[in-house]
Structure formats: structure tokens, C-alpha cells
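Analysis of the macromolecular model
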Amino acid sequence: MSDGKQLKTISDYSLTDKKVIIRCDLNVPIKKGVIEDDNRIVESLETIKYAINNGAKVIILAHLGRVTKEEDKAANSLLPVSERLSELLGMPVTFVPQTRGTEVETAVNMMNSGDVVLLENTRFEDLDGKKESHNDPELSAYWASLGDLYINDAFGAIHRAHASTAGISEYLPSGIGFLVQKELKVLSGVMNNPERPFLVIMGGAKLEEKLGVIGNLLKIADRIFIGGGMCYTFFKAKGYNIGKSLVEDKYVDVCKTLLEKYGDKIDLPIDVMVRSEEVGNEYIKNVSVKEIKDNEEGLDIGEMTRLVLIYPISKSSTVVWNGPLGMCEIEEFSNGTKDTLSNLLWSGAQVVLGGGNIVAEANKFGYKNLFYHASTGGGATLEFMEGKELPGLTAIADSNSKEFSNKNQVKNLIRNNN
Ligand code: ADP
Ligand code: MG
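Throughout what follows, the structure given in this document is the object of discussion. As the structure is a prediction and not an experimental result, all values here were calculated from the model.

Let us look at the overall build of the protein. In terms of regular secondary structure, the protein is built from 15 helices and 17 strands. In terms of overall size, the protein behaves like a compact globule, its C-alpha atoms giving a radius of gyration of 23 Å where 418 residues would be expected to give roughly 22 Å. Projected onto its principal axes, the C-alpha coordinates of the protein cover approximately 70 × 45 × 40 Å. Here the protein holds 418 residues, and the buried ones make up 56% of them. For the protein, the proportion of contacts with a sequence separation of at least 24, taken over those separated by at least 6, is 73%. In the structure as shown, the protein presents an accessible area of about 17,900 Å², 48% of it carried by carbon and sulfur atoms. The centroid of the 47 positive side-chain charges in the protein is displaced by 3 Å from the centroid of its 58 negative side-chain charges.

So, about the site of ligand 1. Taken together, 18 residues form the shell around ligand 1, and within it Ala 205, Lys 210, Gly 298, Glu 329 and Asn 357 come nearest. Residue Ala 205 places a main-chain N or O atom 2.9 Å away from an oxygen atom belonging to ligand 1. Between an oxygen atom of ligand 1 and a side-chain N or O atom of Glu 329, the distance comes to 2.4 Å. Contact with the protein chains hides 88% of the accessible area of ligand 1, taken as 580 Å² for the molecule alone. When its residues are assigned to classes, the shell around ligand 1 shows six nonpolar, nine polar and three charged.

We now examine the packing of helix H1 (residues 39-53) against helix H3 (residues 79-89). Across the interface, H1 lies against H3 with an axial gap of 11 Å and an inter-helix angle of 60 degrees. Judged by the sense of rotation from one axis to the other, the crossing of H1 with H3 is right-handed. Contacts between H1 and H3 involve Ile 41, Val 42, Leu 45, Ile 48, Lys 49 and Ile 52 on the former and, on the latter, Val 81, Arg 84, Leu 85, Leu 88 and Leu 89. Here the residues of the contact of H1 with H3 are counted per class, giving nine nonpolar, no polar and two charged.

Let us look at a nonpolar patch on the surface. A cluster of nonpolar side chains, Ile 270, Met 304, Leu 307, Val 308 and Ile 310, forms an exposed patch at the surface whose accessible area comes to about 440 Å². Here Leu 307 is to be found in helix H10 (residues 303-315). For Leu 307, a relative accessible area of 54% puts it in the exposed group.

If you trace the six strands from one edge of the open sheet to the other, you get E5-E6-E4-E1-E7-E8, paired in parallel fashion. Two strands lie at the open edges of the sheet, namely strand E5 (94-96) and strand E8 (174-176), each paired on one side alone. Neighbour-to-neighbour, the strand axes of the sheet open up by a mean angle of 25 degrees, direction not taken into account. Across five bridges, strand E1 (residues 19-23) lies against strand E4 (residues 57-61) in parallel orientation. Opposite Ile 21, over in E4, you have Ile 59 as the bridge partner. Those strands touched by helix H4 (residues 102-109) are E1, E4, E5 and strand E6 (116-119), and its axis lies near 160 degrees from that of E5.

Moving on to the pattern of salt bridges. All chains considered together, the criterion is met by 23 salt bridges. Measuring nitrogen to oxygen at the nearest pair gives 3.9 Å for the salt bridge that ties Arg 23 to Glu 132. With Arg 23 in strand E1 and Glu 132 in the loop between E6 and helix H5 (137-145), this pair connects stretches of sequence that are 109 residues apart. Each member of the pair, Arg 23 together with Glu 132, is buried. With a closest N to O distance of 3.5 Å, Lys 250 and Glu 208 form a salt bridge. Here the residue Lys 250 occupies a position in the loop between helix H8 (231-237) and helix H9 (252-262), and Glu 208 occupies one in helix H7 (residues 207-220), the gap between them amounting to 42 residues. Ionic contacts of the salt-bridge type, sharing partners, join the residues Asp 38, Arg 84 and Glu 87 into one network.

We now examine the packing of aromatic side chains. The tally for this structure, following the rule as stated, stands at four aromatic pairs. Look at Phe 235 and Tyr 240: their rings are 5.5 Å apart centre to centre, the planes differ by 15 degrees, and that puts the pair in the stacked class. Clustering of aromatic rings is evident, with ring pairs tying together Tyr 232, Phe 235 and Tyr 240. The ring centre of Tyr 142 lies 5.7 Å from the NZ or CZ of Arg 100, which sits over that ring.

Once that is clear, we can look at the pairing of E1. E1 sits mainly inside the fold: four of its five residues count as buried. The pairing of E1 with strand E7 (residues 149-152) spans four bridges and is parallel. Looking at E7, one finds that Arg 23 is bridged to Asn 152.

Reading the values: the criteria
- Residues numbered from 1 in each chain as written.
- Chains lettered and ligands numbered in written order.
- Predicted model: local features only at pLDDT ≥ 70, side-chain atom pairs only at ≥ 80, totals over all residues.
- Heavy atoms only, no water.
- Helix = DSSP H or I, 4+ residues; strand = E, 2+ residues; numbered from the N terminus.
- Rg over C-alpha atoms; globule rule 2.2 N^0.38 Å.
- Buried < 20%, exposed > 50% of the residue type's maximum accessible area, 1.4 Å probe, protein only.
- Contact = heavy atoms within 4.5 Å.
- Areas by Shrake-Rupley, 256 points an atom, 1.4 Å probe, with all protein chains shown as cover.
- Lys, Arg positive; Asp, Glu negative; His and termini not counted.
- Charge placed at Lys NZ, Arg CZ, Asp CG, Glu CD.
- Near = heavy atom within 4 Å.
- Polar contact = N/O pair within 3.5 Å; in protein donor to acceptor, adjacent residues only side chain to side chain.
- Nonpolar A, V, L, I, M, F, W, Y, C, P; charged D, E, K, R; others polar.
- Axes fitted to C-alpha atoms, helices over the stretch in contact; angles between N-to-C directions.
- Left-handed = near helix turned anticlockwise from the far one by under 90°.
- Patch = residues over 30% accessible without salt bridge, like charges linked within 9 Å, V, L, I, M, F, W, Y side chains within 5 Å.
- Salt bridge = Lys/Arg side-chain N within 4 Å of Asp/Glu carboxyl O.
- Pairing = 2+ DSSP bridges.
- Phe/Tyr/Trp six-rings, centres within 6.5 Å; stacked < 30°, edge-to-face > 60°.
- Lys NZ or Arg CZ within 6 Å of the ring centre and 35° of its normal.

This is the structure:
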């Protein structure tokens, strides 16, 4: 598991007057042109400011959402992001509404040291043969040709082998930025050497996505509490009636095996909040997990469970949490997540929020900065905790083992690829 120590970082390079391409994770939720949560932009500032202050010409690459058809472009433009970035930096950011071409090259050639240029959403390149997502070498080489140095600071995209996150570093001296460095340090710290007792809290909807992480964390953690939508597959494995609750039938047997092997480490809710939407019989109530009826859907952990959870939380020195404990978008089913967040604040444990929805929830309540670490990654954090290789980091390591003696060598490489 890479903790990034062996990788070059932005501070290993002299930046003065260099064109530094920084891959940032600026993939923020935007509705009708308004940014709903600018956390990832804020987390990207340290590296960008460092490059500006060290006299670099800063060229930023970033993606936003998914772009599969021409109509996706309007809603996925980085224009609102460039405006917010400019506000946060307190200086102009030149936004180029293209991903390549004369306009891009002119903007880059006109840069002075300390200037910042942001290109349009890298995934616009997906419209023409998925060039970004399929790590097209010609696209990687083209982006590389714009700069002298490549820095990957996009932790949230580091598990992707895309042109802007991996391919590009084949053609340029490369390193990681401060955000990636911080994420790797914290996450590898808890995975390799957690202060014990170490409690894991897992929730959310997609068990399939998280079974690998659960399996790996079960080996490391002292206790794991499983709530959210995924606990019902475990209840089904235990033979309980789960009514209309979320279930992934494919994994009932896997859950059974996990319960057999790690039963003494796994905690499940003892009660849940259920909803009945049966016509003429609509209600929400708190029930024991052994008494869920056919018409009921479990949507949050129950009141007793919320209280019972306080004990392991208070005893823990390290807590890693991924995935909300209930359907927290709906007020009635947000209490498990909300109470557990505030109980963690009191606990004194080193709390790592492992990305995704739970960080958004903590942000919503204004808690985020009160925790030891809130990861900017979703899938990346999960894959790291699962012990998987992260393509963005592998690409930097490969690049670091290469000699990039001069710009001509890069130009030749690029020419050979075209
Ligand atoms: P994350 O993005 O945090 O890793 P997921 O994407 O797996 O987590 O799941 C988040 C979603 O899980 C939320 O939208 C939430 O509504 C949903 N969820 C949580 N508990 C339940 C539940 N009991 N039933 C259905 N959905 C749930
Ligand atoms: Mg999610």
C-alpha cells in the first residue's frame, strides 16, 4: 500500500517560470450553475497557491461529472468552478472553454509566472472516442506538451487510469501535490498503524462497492459497525425478515461467511426506523431488527442503536467512517447519521471520514473541520483502504524512475506517439 513517501512531490521541483500542469479534483456538486459544496476546490488551494508563490505558470486540468453526449456539456462546464476558484485565490483565473487547440495554446503561451489558466472539463474529450477515460496516448502527449512539469493533486481521481490522471505523466517529470500527500499520509497511517482500539463504521447503499473494503478492514480493525442500507443483506444472511429494505441478494452468502469468520468483530443495529408506504397504512416507526414486517422498509438505525453506539465510540482511539447510517437526505431518516457525527465529535478519537456522502453530511452540519481528517476521495479512498493499486500513483512512480533530461526528449516522445 503506497503511502506516497517514495514519490516525488511538488516541493522536489524548482517551479520558477516553469509551466506546471496541476491535475486537481474540482468535481463539485453543481445545480443550475450554482456550486452546492466547494470543499474540493478549497482543498485544492494549498498546492495551487504554492505553485503561484513559487513563480510557476499554473495550468489546471480537472474533470466534472460524466460527459457521454453533446448535451452533457452545458451542465458540466468548469466555468462556475473557475469563478469560485478565482474568488478563493483572490486573483483572476483564465478559463479556456476548450480542452485543446489554438485557444488553449495561445492562453498558455501568454502566461506570466504566477498566472493561472484552467482548461475546460477534461471529460469533454470523452465525446470523441472516450479519449480521456480510455487514457488515449495522443491526448496525454498533447496535454503534456503544454507544460514542463506535471503534478497530480486530484486524490478523488487517483484511482482512475485516465489521460489527465495517469497517461500524461509518461511524458513529463511528475510528482504529487500536497492534498494527495496529506490523504496518503492519513489513510496509510490508519491502515498500517492505527492507534487502538480501532473502530470502523460502514454505511451507505452499495454493498457491492464496499465488500472489498469491509473484508480488508475486518483484518485490521478491532470492531466494525455496519449500518445504512447495506446492513439488511447481513440481516438476510442471519435469516431475519427484512421486508422491503434494500438488499443485494448476490452477496447474502458472502455476508454469511463474513459473519461466521468475524462475527465477534461485527456489530449490526439492534433496532431500525422503518417506513410503510402501504396504501391506508402509511407510517414510520422504530422497531427491533427481528420484527421487520413485509410492508416495512428499514431506512435508518434506531434509537437504541444510536445510544448503544456511543459506548464503542467512546472507547475508540481511531474511527474510520464511510457511508451514511440511514437515508440521510430525508430528515426523518437522518438522525442516526447526525447523532453519530456529533457523538464522534465528543469522543476524542482520531476520526477519519472516508469520503463520499458522509463528508458531505459533516459539511452540511458545519462539522467537517472539527474532525481529524475528511477525505476528498470517494472511490479512491475505498480503493486505497481495500489495498488496491492506484493508477495515478503508479504512473507518478513510473515517471519518477525515468530520466527527463530535457524538453526535446519529451517533444520526441510526443512526436513518436503521433
Ligand atoms: P458513499 O457515497 O458515502 O460511499 P453510498 O453511495 O454507498 O455511500 O450510499 C449513500 C446512500 O445510501 C445515500 O444516498 C443514502 O440515502 C443511502 N442509504 C443509507 N441508508 C439507507 C437505507 N437504509 N436504505 C436505502 N438507502 C440508504
Ligand atoms: Mg455514493
